[in-house]
Structure formats: structure tokens, C-alpha cells
Amino acid sequence: MDLNKVLTKAYDYAITYTDAGVPANYIPELAKEDKTKAGCSLISPDGKLYEIGSSRYKFSIQSIIKIIIYLCVLENHEFDYIKQYIGVKPSSKPFNSIIELELSNKNIPVNPFINAGAIVACSLLQKKYGNNTFDLILNRTRDVIGNDKLDYSRSIYNSENSSAFANRALTYMLLNSDIIDKNINVDDLLNTYFKSCSILVDAHDLSNLSFVLSRDGKDMSGNQILNKEHALIIRTLMATCGTYDYSGDFAIRIGLPAKSGVGGGIVTASKAGYGIGVYCPGLDSHGNSYVGTRILESISKELNLNIY
Ligand code: DON
């Protein structure tokens, strides 16, 4: 199978949908992104790299960072303890839904990939690491992706910080119901979360992350970068919760565990051993890259990657 041809076919098909997506506009800095920019990076099981389009264009990782945040929590706490604060159930509402939190058992966020779940995850880390929490997340992101130059965008962080009214509402609800410890400093907590979402990556970085998750935590050189059991938990949550209330459609259409971000990136995880990351900032109504989803649809079909 010529993987360059697979990528070209996927790109040519998906790019025709550019007009269907809309860049996130609730974070003003993201609304400026050019939705005609799309890219894909694919690492084959034998470690060869294939790229197409704007695969080295930097964008903010956004919700994809929730994988690393949850990984850090798994690395610091027992799974049963974590589940007292963050569930592992799919969500039926948008990623920043207040009503979903209000209706959930004891106000426990249903999973770590919705905003409420990721903010609670940051709070569990902050209890232990205090002001070093963001550094922990950034350094772990650098390790897992294998790029020590990764940093966050100050302009996106500021934009998010000044517009994140729903996240503040969720945080205060979580404090009210003691899911977040009342001793936590809310500004420090949200700064950690916003900075984490503002880390800049490209599709190539995402394909490295995908490769490690797909390979039970091993990187290209065979180093065990993260625990095999943690990779399994994360892949499972990606399959059930990674694209929010679109996860069922995504499973039917693409058939791969995946995690999206409103920056326009999607990272997949496939037991077939491929590392795949895509980018295009135009989003569907659930917050998933429209063109990115279609690139993955085509690749999955061509390479027979559907796991179901
Ligand atoms: O907190 C937010 O709303 C954003 N920083 C992240 C949301 C996001 O990426 C949802 N993903 N598709």
C-alpha cells in the first residue's frame, strides 16, 4: 500500500469540505485561524513518516491536552480514587455543558475529556504540585510527544483567560459540590488549565503522540514512555468520549479512538500501530475538525483501520 497515495486521496477528498467547518469563535484568538489550512501526519507501524498539507503549522492543542492531564493524574493517583472525582462515562451534551454537570451523580464530571473533568483533573494535580502543575503538564507533553521545544501561546492563553465564562461557571459549581477542594486557588487552577490548552503543536507532533498511545506507551525507539495500562485506559476513553457527543457517530464513521481539540487538531490511537494526527481549524457543531474528521474517514477506510 502506497501511503503517500493514501494521504493524497484523503486530503483531496477532505479539503472539499473546507467551507463546512467554522473556527472556534468563543475564544477570539482562535476565530482568526485560516480554515483552508489542513494537514495530516502519519507514521507507519515500521516508523516511516508521511505528511501532507500544513502538517507543520502550529496550532493550540486545546482539548487534546486532556489526554496528558489525565495521564498525569493516573500517574499520581489510584484509578478508584480518581473515579471519586472524575467518571469514565460518555457525555451526551456539549464539552462545556453546565446542565450535564448538574445532572451527573454528586456533580462528578462524567469523564476527563469534557471541560469540567479536565479542570477537576488539574485540581487533583494542583493539590500535589501547587504552582508547578503547569510545568509538570508541559514537561510530560514534551516527553510523550518527544519534542522538548513545545511551549504555550501567550496570546491564545490571554484570549482564553478573558473569555472563558463557561469554564469559570463550571469551576464554581465544582467547588460548591466539593469535587474541587475549596482550598484550591481558582485563578491558579484556571491558569494551569488555560495554559495547558494553549500549548502549540502541529499535526506531526500529534502523530508522535498517536504512535505512543497506539503502541501501548512505547515510542519509536522502543522506550516505554508511559505505562501500558494507562495507554489502554486512555485509548478506551478516546473511543467512548474523545469526540464528545459526536463519539457514537465518529465510531461508526471512522472506527478509531480519537481525541479532538477546538484548535482544529485530532489525534487517533490505533492498535494497528499507526500514528496519525490531523489539523484543520474549521469545526463541526460538536467542536471537532470537520476536514480533519474526513481525512481520518478516508485513511481509516483505505487502510482498513476500523476497530469495530
Ligand atoms: O476550555 C475550552 O473550552 C477549550 N480550551 C478546550 C475545549 C476543546 O478543545 C473542546 N474540543 N473539541
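All residue numbers refer to positions counted from 1 along the written sequence of the respective chain. Given that the model is predicted, a residue must reach a pLDDT of at least 70 before its local features are reported, and side-chain atom pairs must reach 80 or more before they are shown or counted; all residues, however, enter totals for whole chains, interfaces and linings. As a convention, hydrogens and water are excluded, and side-chain values are obtained from all of the structure's heavy atoms.

The chain appears in an unreviewed UniProt entry as Glutaminase from Peptoniphilus lacrimalis 315-B. Under the Catalytic activity (unreviewed entry) heading, UniProt states for the chain: "L-glutamine + H2O = L-glutamate + NH4(+)". In its Sequence similarities (unreviewed entry) section, the UniProt record describing the chain reads: "Belongs to the glutaminase family." UniProt positions are given in the numbering used here, feature names are shortened, and annotations may be inferred rather than shown by experiment.

J.: Can you lay out the sheet that holds strand 7 (residues 275-279) for me, pointing to particular residues and giving the numbers?
T.: For two strands to pair, DSSP has to find at least two bridges joining them. Note on conventions: DSSP H or I runs of at least 4 residues are helices, E runs of at least 2 residues are strands, and numbering of each starts at the N terminus. A sheet is described by the order of its strands in space; here five strands give the open sequence 2-1-7-6-5, paired in antiparallel fashion. The open sheet has two free edges, formed respectively by strand 2 (49-53) and strand 5 (258-260), since each of these has just one partner strand. Across the sheet, the mean angle separating the axes of adjacent strands is 10° when strand polarity is ignored. Of the pairings in the sheet, the one linking strand 1 (residues 39-43) to strand 2 comprises five bridges and is antiparallel in character. Bridge pairing in strand 2 links Leu42 to Tyr50. Working rule for contacts: check all heavy atoms of both residues, and any pair within 4.5 Å makes them a contact. For helices, the fitted axis covers only the stretch in contact; all axes are lines through C-alpha atoms, and the angles between them, taken along N-to-C directions, range from 0 to 180 degrees. Taken strand by strand, helix 11 (residues 203-214) contacts strand 1, strand 2, strand 6 (265-268) and strand 7, and its axis lies near 145° from that of strand 7.

J.: Could you give me a rundown of the site of the ligand, with the residues and numbers involved?
T.: Around the ligand, 14 residues are found, and the nearest of them are Tyr26, Gln62, Ser63, Glu160 and Tyr193. Where accessible areas are quoted, they stem from the Shrake-Rupley method and a 1.4 Å probe; at the residue level, only the protein chains shown are allowed to cover. Protein contacts shield 99% of the accessible area of the ligand, which totals 350 Å² for the unbound molecule. A per-class count over the shell around the ligand returns six nonpolar, seven polar and one charged. The rule for a residue being near a molecule or strand is that one of its heavy atoms must lie within 4 Å of it. Each residue is assigned to one of three groups, with Ala, Val, Leu, Ile, Met, Phe, Trp, Tyr, Cys and Pro labelled nonpolar, Asp, Glu, Lys and Arg labelled charged, and all others, Gly among them, labelled polar.

J.: Before we move on, could you go through helix 12 (residues 228-241) and cite the residues and values that matter?
T.: Count 3.6 residues to each turn of an α-helix, and residues three or four apart come out pointing the same way. Its 14 residues give helix 12 an end-to-end C-alpha distance of 20 Å, which sits within 8% of 20 Å, the value for a rise of 1.5 Å per residue. Burial status follows relative accessibility: with a 1.4 Å probe on protein chains alone, a residue under 20% of its type maximum counts as buried, one over 50% as exposed, and anything between as partly exposed. Turning to helix 12, its buried residues number three or more, namely His230, Ala231, Ile233, Ile234, Arg235, Leu237, Met238, Ala239 and Cys241. If you follow the buried residues of helix 12, they end up packed against helix 3 (65-74), helix 4 (79-82), helix 11, helix 13 (247-253), strand 5 and strand 6. Each polar contact in these results corresponds to two N or O atoms within 3.5 Å; when the atoms are within protein, one needs to be able to donate a hydrogen and the other to accept it, and residues that are neighboring in sequence are counted only if both atoms are side-chain atoms. Where helix 12 begins, one side-chain oxygen reaches toward the backbone nitrogen of Glu229, 2.7 Å away; that side chain belongs to Asn227. Multiplying 1.5 Å by the residue count of a helix minus one yields the expected span of that helix.

J.: Mind laying out the packing of aromatic side chains, listing which residues take part and the relevant values?
T.: Only rings of Phe, Tyr and Trp enter the pairing, Trp through its six-membered ring, and a pair is recorded when the two centres are within 6.5 Å. The plane angle decides the type: under 30 degrees is stacked, over 60 is edge-to-face, the rest tilted. The tally for this structure, following the rule as stated, stands at eleven aromatic pairs. When the ring of Tyr13 is compared with that of Tyr17, the centres are 5.5 Å apart and the planes differ by 75°; the resulting orientation is edge-to-face. By relative accessible area, Tyr13 is classed as partly exposed at 29%. Residue classification places Tyr17 among the partly exposed residues on the basis of a relative accessible area of 29%. Considering the side-chain rings of Tyr246 and Phe250, the 6.5 Å spacing of their centres and the 75° angle between planes classify their relative orientation as edge-to-face. Comparing Tyr246 with Phe250 shows no difference in burial state: the two are buried.

J.: Please give an account of the state of the cysteines that cites residues and values.
T.: Cysteine sulfur atoms that pair up within 2.5 Å are treated as a disulfide. With the rule as written, the count across this model stands at zero disulfides. In this model Cys197 remains outside any disulfide bridge; the closest cysteine sulfur is found in Cys122, 7.7 Å from its own. Look at Cys197 and you get buried, because its relative accessible area is 1%. We note that Cys241 lacks a disulfide partner, and the nearest cysteine sulfur, in Cys197, lies 17 Å from it. On the basis of relative accessible area, Cys241 is assigned to the buried category, the value being 1%.

J.: Lay out the UniProt feature "binding site: substrate" (unreviewed entry) in the chain with the relevant residues and their values.
T.: The UniProt record marks Ser63, Asn115, Glu160, Asn167, Tyr193, Tyr244 and Val262 with the feature "binding site: substrate" (unreviewed entry), using the residue numbering of this structure. Residues within four places of Asn115 in sequence aside, it is in contact with Ser63, Lys66, Phe95, Asn96, Asn167, Leu170 and Tyr193. Polar contacts involving the side chain of Asn115 include one to the side chain of Lys66, which spans 2.6 Å. With respect to the helices and strands, the residue Tyr244 is situated in the loop between helix 12 and helix 13.

J.: Describe unusual backbone geometry, listing the residues and the values that go with them.
T.: Non-glycine residue Tyr244 carries a positive phi angle of around 60°. Overall, Tyr244 belongs to the buried group, its relative accessible area being 3%. A positive phi angle is found at Asn304, which is not glycine, with a value near 55°. With respect to the helices and strands, Asn304 occurs in the segment after helix 14 (290-303).

J.: Outline the nonpolar core, supporting the account with residue identities and numerical values.
T.: When a protein is soluble and globular, its nonpolar side chains tend to lie buried together. Residues enter a nonpolar core if they are buried and are Ala, Val, Leu, Ile, Met, Phe, Trp, Tyr or Cys, with the set joined through side-chain atoms within 4.5 Å. Counting residues in hydrophobic clusters, the biggest one holds 75 residues, and the most contacted among them are Ile65, Ile67, Ile180, Ile199, Val201, Leu209 and Met238. Only helix 3, helix 6 (115-129), helix 7 (133-145), helix 8 (154-161), helix 9 (165-176), helix 10 (186-197), helix 11 and helix 12 provide two or more residues apiece to this core. Domains are outlined according to an automatic or database domain assignment. If you count residues domain by domain, this core takes at least three from each of domain 1 (3-57 + 202-303) and domain 2 (63-199). Excluding its chain neighbours within four sequence positions, the residues that come into contact with Ile65 are Ile137, Thr141, Ser196, Cys197 and Ile199.

J.: Residue-level account of the domain arrangement of the chain, with values.
T.: Segmenting the chain into domains produces domain 1 (3-57 + 202-303) and domain 2 (63-199). The gap between the C-alpha centroids of domain 1 and domain 2 is 21 Å. Put simply, buried area is the surface a 1.4 Å probe can reach on two separate parts but cannot reach once they are joined, added for both. Of the roughly 2,700 Å² buried between domain 1 and domain 2 on both sides combined, carbon and sulfur atoms contribute 74%. It is Leu209, Leu237 and Tyr244 in domain 1 that bury the most area against domain 2; as a group they hold 21% of the surface buried on that side. One speaks of a salt bridge when a side-chain nitrogen belonging to Lys or Arg is within 4 Å of a carboxyl oxygen belonging to Asp or Glu. There are zero salt bridges connecting domain 1 and domain 2. The interface formed by domain 1 and domain 2 contains seven residue pairs in polar contact (both at pLDDT 80 or more). Contributions of two or more residues to the side of domain 1 that touches domain 2 are made by helix 2 (28-31), helix 11, helix 12, strand 5 and strand 6. At seven residues, helix 12 tops the list of elements feeding residues into the side of domain 1 that touches domain 2. Here the residues of the side of domain 1 that touches domain 2 sort into 19 nonpolar, nine polar and four charged.

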